[in-house]
Amino acid sequence: MIILIVNTVLIVSGITGFLALLLVIADLLFANYGECTISINGKKELKVKGGSSLLSLLNENKIFLASACGGRGTCGFCKCEVISGAGPLLPTEKPFLNAADIAAGIRLSCQIKVKEDIAIKIPESIFNIRKFTAEVTDIVDLTYDIKEFTLKIIKPEVINFKAGQYVQLQTPPYEKSRQSVNRAYSISSSSSREDQIQLIIRYVPDGVCTTYLFQYLKQGAQINFTGPFGDFYIRDTDNDMLFVAGGSGKAPIKSMLEYLSENNSTRRMVYMFGARSRKDLYYTELFEKLEKELPDFTYVPVLSQPTEECEWQGKCGYVPPFFPEYIRDPQKTEAYLCGSPGMIAAVIKGLKELGVPEDKIYYDSFA
Ligand SMILES: Cc1cc2nc3c(=O)[nH]c(=O)nc-3n(C[C@H](O)[C@H](O)[C@H](O)COP(=O)(O)OP(=O)(O)OC[C@H]3O[C@@H](n4cnc5c(N)ncnc54)[C@H](O)[C@@H]3O)c2cc1C
Ligand code: FES
């Protein structure tokens, strides 16, 4: 009986999969959607050849929506408001949209195929996002798995961004990937440098983009990126600031602290850097220098797995248990977090338990 049920399920799934594949192939080979119009904010109209995703057609017309996963439907960054012409909501969009999003017509632009005239609404700030070409002028090892890349802007000549924002690097097709990919990287350098940016990148084994950056990209080569993106930047208040970020999550925090130092900020700041052992620490001297430059800044590295050879005298364990020692008034504390989704969830839980208001917690998740 069980064998019969399993066989039936397999046969039905096989037939369904085959029919779905036929539909995709037929769509690719025979569908011709002709010329379609993308109307933007009721002001601008683009004439495009139908059949591609809304995200890619906007990109072709130099309108760059955020897309940290490069259009694979896994980041949820490419949301935009659709007024008409997008067809029904797709199952691939649902995990990223809540009830309020759906009611407001928010859709994932990488999942919508333009098959007819479509009307959308996007923030005016998106028109400021540019495509840049840069030369890789320096690649430095910061740890065994983290490198810093310096990119000198070639075209257009300067970039304006807020400390904490990120860019999307575009890697070309290479032997490990037939397709060009886009990935998000936070700018680690100060926003006062308009002629170059620096990125701090951790190698992800078998990762398409990081393998290219670590093993194929050489000093002197050119690379394209779009940006700046994101709303992870310093709020202009008098609140105390708590920064929490480990690994390459240090990138936007470094940019923010350099900006605060250059602008003689007198705000109270603490940066808690979580790492496994001493070999994961980097830029220690730079942050000790910032402690001297800023009137009220404390840098606190915390090691979760210090080895005996480490001879570590500092804090041990995870970061959240140390919050009471460094947060003097939770209600007047702004928190800036950066790193993996798991780390961010754990830190937010710890902050909320202590009474830091949720609307004062800002983060970029390296999802
Ligand atoms: C807003 C934003 C800013 C970011 N800024 C930075 C930054 O400054 N520095 C930085 O190093 N990264 C940053 N990231 C992460 C970066 O965009 C890529 O996801 C990461 O470099 C992996 O890309 P890849 O193409 O090499 O791996 P993929 O080919 O995309 O992934 C390969 C495999 O590794 C897994 N994976 C993907 N990312 C990670 C990860 N970070 N850790 C462990 N496993 C992973 C995937 O699930 C997949 O199974 C940021 C992400 C976002 C969304
Ligand atoms: S670009 Fe990532 S979900 Fe659309």
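Residues numbered from 1 in each chain as written. Chains lettered and ligands numbered in written order. Predicted model: local features only at pLDDT ≥ 70, side-chain atom pairs only at ≥ 80, totals over all residues. Heavy atoms only, no water.

Visitor: Hey, could you go over the domain arrangement of the chain for me, with residue numbers and the actual values?
Guide: Note: interface size is frequently given as the accessible area lost on complex formation between the parts. Entries for the chain in the domain assignment read domain 1 (35-126), domain 2 (129-229) and domain 3 (240-365). Computed over C-alpha atoms only, the centres of domain 1 and domain 3 are separated by 36 Å. (Domains from an automatic or database assignment.)

Visitor: Summarise the side chain of Thr133; cite the residues concerned and give the values.
Guide: Along the chain, Thr133 turns up in strand S6 (residues 130-141). Using a relative accessible area of 18% as the deciding quantity, one classes Thr133 as buried. In this view, Thr133 contacts Lys152, Ile153, Ile154, Lys155, Gln222, Ile223 and Asn224; residues no more than four positions away in its chain are not counted. (Helix = DSSP H or I, 4+ residues; strand = E, 2+ residues; numbered from the N terminus. Buried < 20%, exposed > 50% of the residue type's maximum accessible area, 1.4 Å probe, protein only. Contact = heavy atoms within 4.5 Å.)

Visitor: Just give me the short version of the environment of Asp364, but keep the residues and values in it.
Guide: Looking at where Asp364 falls in the secondary structure, it is placed in strand S17 (residues 361-365). Taking relative accessible area as the criterion, Asp364 reaches 12% and is therefore assigned buried. Other than its neighbours up to four places away in sequence, Asp364 contacts Gly164, Tyr166, Phe232, Leu337, Cys338, Gly339 and Ile344.

Visitor: Go over the side chain of Thr211, please, and point to the residues and values.
Guide: In this fold, Thr211 is placed in helix H4 (residues 208-216). Of the residues examined, Thr211 reaches a relative accessible area of 5% and is grouped as buried. Contacts of Thr211, omitting those with residues within four sequence positions, involve Tyr174, Lys176, Tyr203, Val204, Asp206 and Tyr216.

Visitor: Could you give an account of helix H8 (residues 341-354), with specific residues and numbers?
Guide: Here H8 is 14 residues long and its end C-alpha atoms lie 20 Å apart, about the 20 Å a rise of 1.5 Å per residue gives. Those residues of H8 not exposed but buried are Ile344, Val347, Ile348, Gly350 and Leu351. For H8, the buried positions fall inside an angular range of 165° around the axis, keeping them on one side. Of the residues in H8, the exposed ones pointing more than 90 degrees away from the buried face are Lys349 and Glu353. Here the buried face of H8 lies against strand S12 (240-245), helix H7 (323-326), strand S16 (333-339) and S17. Positive phi shows up at Gly355, right after H8, with a value of about 105°. (Expected span 1.5 Å × (residues − 1). Arc of directions from axis to C-beta.)

Visitor: Give a detailed account of the pattern of salt bridges, specifying residues and quantitative values.
Guide: If the charged atoms of two oppositely charged side chains come close together, the side chains can form a pair. Tallying each qualifying case throughout the model produces 14 salt bridges. With its nearest N and O atoms 3.2 Å apart, the salt bridge here joins Lys289 to Glu293. Taken together, the positions of Lys289 and Glu293, both in helix H6 (residues 284-293) and four residues apart, correspond to about one turn of that helix. One salt bridge connects Lys315 with Glu325, and the closest N-O pair in it is separated by 3.0 Å. Of the two residues, Lys315 sits in strand S15 (residues 315-316) while Glu325 sits in helix H7, which places them 10 residues apart along the sequence. Through salt bridges with shared partners, one network takes in Asp240, Arg268 and Arg328. (Salt bridge = Lys/Arg side-chain N within 4 Å of Asp/Glu carboxyl O.)

Visitor: Break down the sheet that holds strand S8 (residues 166-171) for me, with residues and values.
Guide: Strand order in the open sheet formed by six strands is S9-S8-S11-S6-S7-S10, and the pairing between neighbours is antiparallel. Across the chains shown, the open sheet's two edge strands, defined by having one partner strand only, are strand S9 (181-186) and strand S10 (196-202). For this sheet, the mean inter-axis angle between neighbouring strands, taken without regard to orientation, is 40°. Here S8 runs beside S9; their pairing, made up of six bridges, is antiparallel. Across the sheet, the residue bridging to Leu169 is Arg183, located in S9. With respect to the sheet, H4 is in contact with strand S7 (146-155), S8, S9, S10 and strand S11 (222-229), its orientation differing from that of S9 by roughly 75°. (Pairing = 2+ DSSP bridges. Axes fitted to C-alpha atoms, helices over the stretch in contact; angles between N-to-C directions.)

Visitor: Break down the site of ligand 1 for me, citing the residues and quoting the values.
Guide: Inspection of the region around ligand 1 gives 21 residues, with Arg183, Ala184, Tyr185, Cys209 and Thr210 positioned closest. With respect to ligand 1, the backbone of Ile200 contributes an N or O atom lying 2.9 Å from a nitrogen atom. Coverage of ligand 1 by the protein amounts to 74% of the 910 Å² it exposes when considered alone. Residue assignment for the shell around ligand 1 shows that the elements contributing at least two residues are S9, S10, H4 and S17. The leading source of residues in the shell around ligand 1 is S9, at four residues. Looking at the shell around ligand 1, its residues break down into 12 nonpolar, five polar and four charged. (Near = heavy atom within 4 Å. Polar contact = N/O pair within 3.5 Å; in protein donor to acceptor, adjacent residues only side chain to side chain. Areas by Shrake-Rupley, 256 points an atom, 1.4 Å probe, with all protein chains shown as cover. Nonpolar A, V, L, I, M, F, W, Y, C, P; charged D, E, K, R; others polar.)

Visitor: Tell me about empty space enclosed by the protein, and name the residues and values.
Guide: Over the atoms a probe the size of a water molecule is rolled, and this reveals where empty space is left. In this structure the tally under the stated criterion is one cavity of 30 Å³ or more. Counted as a void, the largest cavity has a volume near 40 Å³. Along the walls of the largest cavity sit Asp240, Met241, Leu242, Arg268, Val270, Tyr326, Ile327 and Thr333, which together make up its complete lining. With three residues, the top contributor of residues to the lining of the largest cavity is S12. Here the lining of the largest cavity is built from residues that sort into five nonpolar, one polar and two charged. (1 Å grid on protein atoms, 1.4 Å probe; cavity = no way out; pocket = protein on both sides within 12 Å on 5 of 7 lines; lining within 4 Å. Points joined across faces, edges and corners; volume = space filled by probe spheres on them.)

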